[in-house]
Amino acid sequence: MIRSQVLVCGGTGCTSSGSKAVQEEFRAQIDANGLANEVKLVQTGCFGLCALGPVVIVYPEGTFYSQVQAADVKEIVEEHLLKGRIVDRLVYDESSAPKETLVDGKVSLNDTDFYRAQHRVALRNCGVIDPENIDEYIAVDGYAALGKVLTEMTPEDVIKCVSDSGLRGRGGGGFPTGFKWSLCAPNKADQKYVVCNADEGDPGAFMDRSVLEGDPHCIIEAMAICGYAVGATKGFVYVRAEYPIAVARLQKAIDQAREYGLLGKNIFESGFDFDLEIRLGAGAFVCGEETALMTSIEGNRGEPRPRPPFPAVKGLFGKPTVENNVETFANIPQILLKGADWFASMGTEKSKGTKVFALGGKIKHTGLVEVPMGTTLREIIYDIGGGIPNGKKFKAAQTGGPSGGCIPARLIDTEIDYDNLTAMGCMMGSGGLIVMDEDTCMVDIAKFFLEFTVDESCGKCTPCRVGTKRLYEILDKITKGKGTLEDLDRLEELCYYIKANSACGLGQTAPNPVLATLKFFRDEYEAHVVDKKCPAGVCKDLLTFVIDKDKCIGCGKCARNCPVDTIVKTDYIAEGHKLPSYQINPDKCIKCGACEANCKFKAISRQ
């Protein structure tokens, strides 16, 4: 009889930190100690706390071990699993946890600050079940929604339920999901398609990957429900080839679903047929746009198509098509099981439900979080994310990646939903949330995202192909101290032209990081242009490294580590005494920062 379960994260983040070796060592130690019939080892998807991986959870206690290495496993097995003694040194310690939630003085996973404020719907099974075992998905009501739909509901009932829930597309645009389905359903055709967009090209975004790795059957079930609702019998999941774990688990889930009769012909003996295939993307950001994605599935170069006709009328292979992203589909089974009112009770008036964010950047707890729409940025960053490391001040948060904008510190109490972000000149995007502290240069951030979109433009339309390149050149000029105030006006004018004239969403939203930083941090642009200074000390061409002779002890470590021998020894007179010191020749300095990094007395600063 199983008395304990050991859950080991098998998501990409923990895998890269060595969780596979941890799993193998657990298996060996469990066998060596004769516990194979008492302890079950489960590989799960992502728990969300990516910064603390590899993560191991031991149930029934819910003990949360973080940063576990293979060398630690023997101690956990011998102490915890055999003797019932928690290994304190490996337990995640959170002193702010309520005393009544502590187990032997330690906090369990669900009672950490990171989890307490979350409400997991799309991520409900990630880190809970073995994603490679269909029986575990079925045990948590998996495929129950599909069974309900096929045996108790008409296609019209399904679309009405999704519409009444208020679910909006989680891929960026926020288009009402039920309305999108209703546009496709009436169109007559010999073939219709359902497409899942798992391309996820935003830098810093990994929500879709984590759902596919941790709960692939959820997406299969949702796509089959969508197929029934709109009259489609074929589906495609378009996923990045850079996600090998997600691809392998999704394919295994598809094979299992076919074996169980949950894909294929006559599902639940309802007369409904539906099957799925995976299509791999080569990493083109533009293929996140639905028409470019469909063009890529067809075997052509991924370029957007003019709309109308819209995909609901003429989409994949010229047939009526519904396309939603992974997170959107992940909500569908729960909406059908628990009802539209249940989902609509979460969130705000016009943004229902929850939203998954990938927290990254200057934040203590990087990882995945899922919160109700309307949660403030302050709650996400400080209550869940643990705040900014090293005592630094919060400066801004970038939402929506290259297509989004930034939220400045003065708006940190803004409720995050579609409408509020749009009003600020930002967008939800797929859910990447990059946190920036006082050491971040906002001009450099805009330049970073523009460089990305320049590289990722498909080149089909001139406003995007040429316009984004000109934007980048102006930003580059400004960061090198060669910009003028006229460049700022030219920058803004060009942004609006590109937005108005680009063919697809990539070009139309590419100027957003520039416009948002100009709106909220124009003083930084002016400092680069007028004062020829980078206030954050990031732009190398505007930096000067200076040695503070009052702090310098003359050890010479900076000079020894300078790759171009630009630091020379000098004498420093203090209170009548000659003291050794050093000086940096600004004409020879290449701004590499090696001197600053190697000075343990903090005698070198950027100016």
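The structure this text deals with has already been given above.
Not measured: the values here are computed from a predicted model.

Caption draft 1: Expanded view of the packing of helix α19 (residues 467-479) against helix α23 (residues 522-531). Viewed as axis vectors pointing N to C, α19 and α23 meet at an angle of 65 degrees, and their least axial separation amounts to 8 Å. Between α19 and α23, the residues in contact are Leu475, Ile478 and Thr479 and Tyr525, His528 and Val529, respectively. Its residues assigned to classes, the contact of α19 with α23 comprises four nonpolar, two polar and no charged.

Caption draft 2: Fine view of the environment of Val140. Position of Val140 relative to the elements: it lies in the loop between α5 (134-139) and α6 (144-152). Judged by relative accessible area, Val140 falls into the partly exposed class, the value being 35%. C-alpha separation for the pair Val140 and Lys533, spaced 393 residues apart in sequence, amounts to 57 Å. If we skip the residues at most four places from it in the chain, Val140 touches Asn125 and Ile129.

Caption draft 3: The sheet that holds strand β11 (residues 321-325), seen in detail. Strands sit in the order β9-β10-β8-β7-β11 across an open sheet of five strands; the sheet is mixed. The sheet is open, and its two edges are formed by β9 (264-267) and β11, each paired on a single side. Within the sheet, the average angular offset between the axes of one strand and its neighbour, ignoring direction, is 25 degrees. Sitting on the sheet, helix α12 (residues 290-297) is in contact with β7 (193-198), β8 (234-240), β10 (272-281) and β11, with an inclination near 100 degrees to β8.

Caption draft 4: A look at the pattern of salt bridges. With the rule as written, the count across this model stands at 40 salt bridges. Between Arg279 and Glu277 there is a salt bridge, with its nearest N and O atoms 2.8 Å apart. Close ionic contact of Asp437 with Lys362 constitutes a salt bridge, the shortest N to O distance being 3.3 Å. Taken together, the positions of Asp437 in strand β16 (residues 432-437) and Lys362 in the loop between β12 (354-361) and β13 (367-372) put the pair 75 residues apart, joining distant regions of the chain. Bridged by salt links that share partners, the residues Lys180, Glu289, Glu290, Arg307 and Glu323 form one connected network.

Caption draft 5: Main features of empty space enclosed by the protein. Taken as a whole and assessed by the stated rule, the structure comprises six cavities of 30 Å³ or more. Here the largest cavity is characterised by a volume of approximately 100 Å³. Along its surface, the largest cavity is lined by 14 residues, and Cys552, Cys555, Cys558, Cys599 and Ala603 are the ones closest to its centre. Of the residues that constitute the lining of the largest cavity, the class distribution is 10 nonpolar, two polar and two charged.

Caption draft 6: Structural detail: the layout of surface pockets. Size it by volume and the largest pocket reaches roughly 1100 Å³. In terms of lining residues, the largest pocket is bounded by 40 residues, among which Gly171, Gly173, Gly288, Glu289 and Glu290 are the most central. Mapped onto the lining of the largest pocket, the elements with two or more residues apiece are α8 (177-184), β11 and α21 (505-509). Top element by residues in the lining of the largest pocket is β11. It accounts for five residues. Tallied by class, the residues present in the lining of the largest pocket amount to 12 nonpolar, 19 polar and nine charged.

Caption draft 7: Spotlight on the sheet that holds strand β15 (residues 405-408). Pairing within the open sheet is mixed, and its five strands lie in the order β13-β12-β16-β14-β15. Because the sheet does not close on itself, it has two edges, and the strands there are β13 and β15. The average angle at which neighbouring strand axes cross in this sheet is 30 degrees, direction not considered. The strands that helix α17 (residues 442-456) touches are β14 (394-399), β15 and β16; relative to β14, the one it contacts most, it runs at about 15 degrees.

Basis of the calculations
Residues numbered from 1 in each chain as written. Predicted model: local features only at pLDDT ≥ 70, side-chain atom pairs only at ≥ 80, totals over all residues. Heavy atoms only, no water. Axes fitted to C-alpha atoms, helices over the stretch in contact; angles between N-to-C directions. Helix = DSSP H or I, 4+ residues; strand = E, 2+ residues; numbered from the N terminus. Contact = heavy atoms within 4.5 Å. Nonpolar A, V, L, I, M, F, W, Y, C, P; charged D, E, K, R; others polar. Buried < 20%, exposed > 50% of the residue type's maximum accessible area, 1.4 Å probe, protein only. Pairing = 2+ DSSP bridges. Salt bridge = Lys/Arg side-chain N within 4 Å of Asp/Glu carboxyl O. 1 Å grid on protein atoms, 1.4 Å probe; cavity = no way out; pocket = protein on both sides within 12 Å on 5 of 7 lines; lining within 4 Å. Points joined across faces, edges and corners; volume = space filled by probe spheres on them.

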